[in-house]
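# Chain and residue survey
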Amino acid sequence: MAGPPLPPRAACPAALRSLRQREFPRLRGITYLDHAGSALFPESLLKAFTDDLRSNVYGNPHSQNISSKLTYDTIEHVRYRILQHFNTTAEDYTVIFTSGCTAALKLVAEAFPWIPEGTKETSSRFCFLTDSHTSVVGMRGITALMNVLSVPIKPKELLLSEENKIPAEEQNCTTPHLFSYPAQSNFSGTKYPLSWIQDIKSGKLCPVNIPGKWFVLLDAASYVSSSPLDLGVHQADFIPISFYKIFGFPTGLGALLVNNRIAPLLRKTYFGGGTAAAYLAGEDFYFPRKSIAERFEDGTVSFLDIIALKHGFDVLEKLTGGMEKIKQHTFALAHYTYNVLSTLKYANGAPVVRIYSDTDFSNPDVQGPIINFNVLDENGEVIGFSQVDKMASLYNIHVRTGCFCNTGACQMHLGISNEDIQRNLQAGHVCGDDIDLLDGRPTGSVRISFGYMSSFEDAQTFLKFIIATRLSKSDTEILVQSSVTKLTTESVPDDLPSFSNADKLCPLPHILDRELKHNLSARKMTVNWQPPEAEAESIRAAVSETAVPTCRRGSKPITVTNIYLYPIKSCSAFEVTEWPVGNQGLLYDRNWMVVNQNGVCITQKQEPRLCLVNPSIDLKQNIMVIEAEGMDPISVSLEENTGKETVICESKVCSHRVKTYDCGERIAGWFSTFLGHPCHLIRQSSDTRNKSHQKNTKGLASAANISLSLVNEAQYLLINVASILQLKEHVSARLEVPLEIEELIQRFRANIVISAPESFEEEEWAEISIGSLRLQVVGPCSRCQIICIDQQSGERNKEFLQSLSAARGRKTNFGIYLMNQPLHSSFPDVLSVGSEVIPVLKENTEIQPPTSNEEKCSG
């Protein structure tokens, strides 16, 4: 009989701190909490692997030369190493390399010996737990083509299946059925019993009441990233895994571990290179290789990546001492974080978060190092996960949001019905987007997860973030009095092994008691995401009263006060008083962008110093001049390089594909010197603009002639000075320093700044006219962390985005996006400061500019 579960234990902070500094220096200043999404590779793994590649010649394993034989033998050694890791041998299991866990699952669906409906025999069933990854559920697409019925099973239903007893006369039926379930839920971290494997195969548990022989597919991808799996004890028939979940590198490599007892029953139709013992091209003759692995590994395997696995296993063992220690360490962090998180409450007693879990985080055998939750306000309403993600990014905390490719668990924990999923799709929500709330109900949640290199400092940084952004000073005083002492009195035996043989595992340190109390005592200077309720209500009331101007009394006309263009994406603004307008917006606005050595766009999110680069356009000399402090000015011709030697490349801005070309080594050297790392300046190619970067925007009269430059969403961004002034009051009060309105305008990086009588009235407009330009409003601008960057110094301050979120009732919208209406505008045109802006309300009632003191109503 098993004894009580061991208390949570973690690696000693000093030993772990040393490991972090040595193996993960790139994590400095980053709190990475998405280990369930991907592990992070240590420096020594890469070094060992690259040293190996530099020292040996590895040829194609299908050849017979010396280098190829070395590759083949090394791959076979890695197969044995994988089996050893899972405490089994080649006598019991075969390792089939795949491109990942998903490919392994697809292989099972295609090769399993299904018996379809409509035959004399009992037909097969494919059953899967509803708390399964998309890649498991997707297997039913293949089984449907084979005329095999798929049956989703809820966890509670399986526990009741002991009542599904097969009559004795039907127990000799050999029809193969397959049941799939995850060893660990990637949504909640719940660990499902490994005893189910034998219970299902023996008939003790029966997913559906049908005669036949049950085989078990154990989806172990999430489980094996932080827990040991003993296949000598728990002999599932199929175990798919992805190695990047364990080591962080290599990616794109997985395996299917197949129990040798079922391996001969697997069927295969396609045969690729290396799988045939013999075949004929002119006749339908094919004879497979004897080895199960070689029979199912079509083509040349990713042999260099497979060789990297050897170093992955070696380094992981050396750094941690094995999976059992990883299991205890990561669970200790999750246990600690869960306990603190679950006790956080507002002054009115309402919980700060809603945790989605089937356990109380007391036992690492039933709970993995994953915490899934949604943040609540003091009234119990869910704050959308995308807003939480934005705030977390201000603290450089990396989390995962959405439904995590597990719709079944998401529905079960969040109470989302099948009809809700379909309605959400019709409303425009798809998996992976940032639509976090529909009709006030969450479409997903927030997930944090720990890995072997995670530390208590990571857990604390996350907890401090939640406290700083959710609780007022009075709330935190209550928290300190009621919960801190209790949460820091846990202790752990000091005779348990740690990651370092020289260091004993430490008890849960009194870090929360020491550092968190200090954090709370300094509450006044800490960033506040949501203000005290009274203040928040006053802000919301003020916004609500001014958001929809239904009637104006003697208002002045709305005019354009400032015009800015940003020739180089994410660099400083170039202010003008009048400027030509074309079918892409302001001429030369965001025609260039800076990219890294991989061709990926660099913005102020990654490189705040971009705001210190000042581009200006000289239309007379036909050049763009680029300046920065400490650098000699450099110029770029406005004439496009259309010569034959110009190489047109494809780049990506958000989800848009754009055609670009490189501006040359001279300008690349200038930017690389200023930013301190290799980068290039690229320019959008004009001859492919309309084809490559068009915005499909609903409601526009015609999208045929609408194209975008290198902007994210739309051709123009408009902000209102009145809205800036209202926000300025709250930001200044919280920072306790005066702010200049010009500084705030620069932070919001608009193209058009207007002076309207009422704050936020621009959000009620459907379109506007400025001179002969007709511009359609295509939606609000949801702000990101760039507004936290001082555009004069490049320094960050989290307060700005958090104050905006508080002032707007948890939203971060500020400003509106505009697009040309080609059928109603004439090009080229000129936009000028002082021009009158005539808006049309969303109800299509035009707002006439007042001409006297007579009252004008908007309707």
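Residues numbered from 1 in each chain as written. Predicted model: local features only at pLDDT ≥ 70, side-chain atom pairs only at ≥ 80, totals over all residues. Heavy atoms only, no water.

Before going further, it helps to examine the overall build of the protein. Looking only at helices and strands, the protein has 24 helices and 38 strands in total. Going through the 859 residues of the protein one by one, you find that 55% of them count as buried. For the protein, the proportion of contacts with a sequence separation of at least 24, taken over those separated by at least 6, is 73%. Of the roughly 37300 Å² of accessible surface on the protein, 51% is carried by carbon and sulfur atoms. (Helix = DSSP H or I, 4+ residues; strand = E, 2+ residues; numbered from the N terminus. Buried < 20%, exposed > 50% of the residue type's maximum accessible area, 1.4 Å probe, protein only. Contact = heavy atoms within 4.5 Å. Areas by Shrake-Rupley, 256 points an atom, 1.4 Å probe, with all protein chains shown as cover.)

Let's shift gears to the side chain of Asn363. Within the secondary structure, Asn363 sits in the loop between strand 11 (353-355) and strand 12 (370-376). Exposure remark for Asn363: the relative accessible area of 16% places this residue in the buried category. From its side chain, Asn363 meets the backbone nitrogen of Asp365 in a polar contact 2.8 Å long. (Polar contact = N/O pair within 3.5 Å; in protein donor to acceptor, adjacent residues only side chain to side chain.)

Membership of the largest hydrophobic core comes to 66 residues, with the highest contact counts inside it found for Leu341, Phe373, Phe462 and Phe465. No other element matches the eight residues that helix 16 (residues 456-470) contributes to this core. Residues in contact with Phe462, not counting those within four places in the same chain, are Leu33, Thr337, Leu341, Phe373, Ile397 and Ile448. Formed by 63 residues, the second largest nonpolar core is a distinct cluster that contains Tyr192, Val224, Ala236 and Tyr452. (Core = buried A, V, L, I, M, F, W, Y, C linked by side-chain atoms within 4.5 Å.)

Taken as a whole, the second largest pocket holds about 1000 Å³ of empty space. Lining the second largest pocket are 38 residues, with Thr130, Ser132, Pro155, Tyr192 and Met412 sitting closest to its centre. Only helix 5 (134-137), helix 7 (155-159), helix 12 (323-343) and helix 14 (407-414) provide two or more residues apiece to the lining of the second largest pocket. Of all the elements, helix 14 adds the most residues to the lining of the second largest pocket, at five residues. Grouping the constituent residues of the lining of the second largest pocket by class yields 15 nonpolar, 13 polar and ten charged. (1 Å grid on protein atoms, 1.4 Å probe; cavity = no way out; pocket = protein on both sides within 12 Å on 5 of 7 lines; lining within 4 Å. Points joined across faces, edges and corners; volume = space filled by probe spheres on them. Nonpolar A, V, L, I, M, F, W, Y, C, P; charged D, E, K, R; others polar.)

Any functional reading would require information that these geometric values do not contain.
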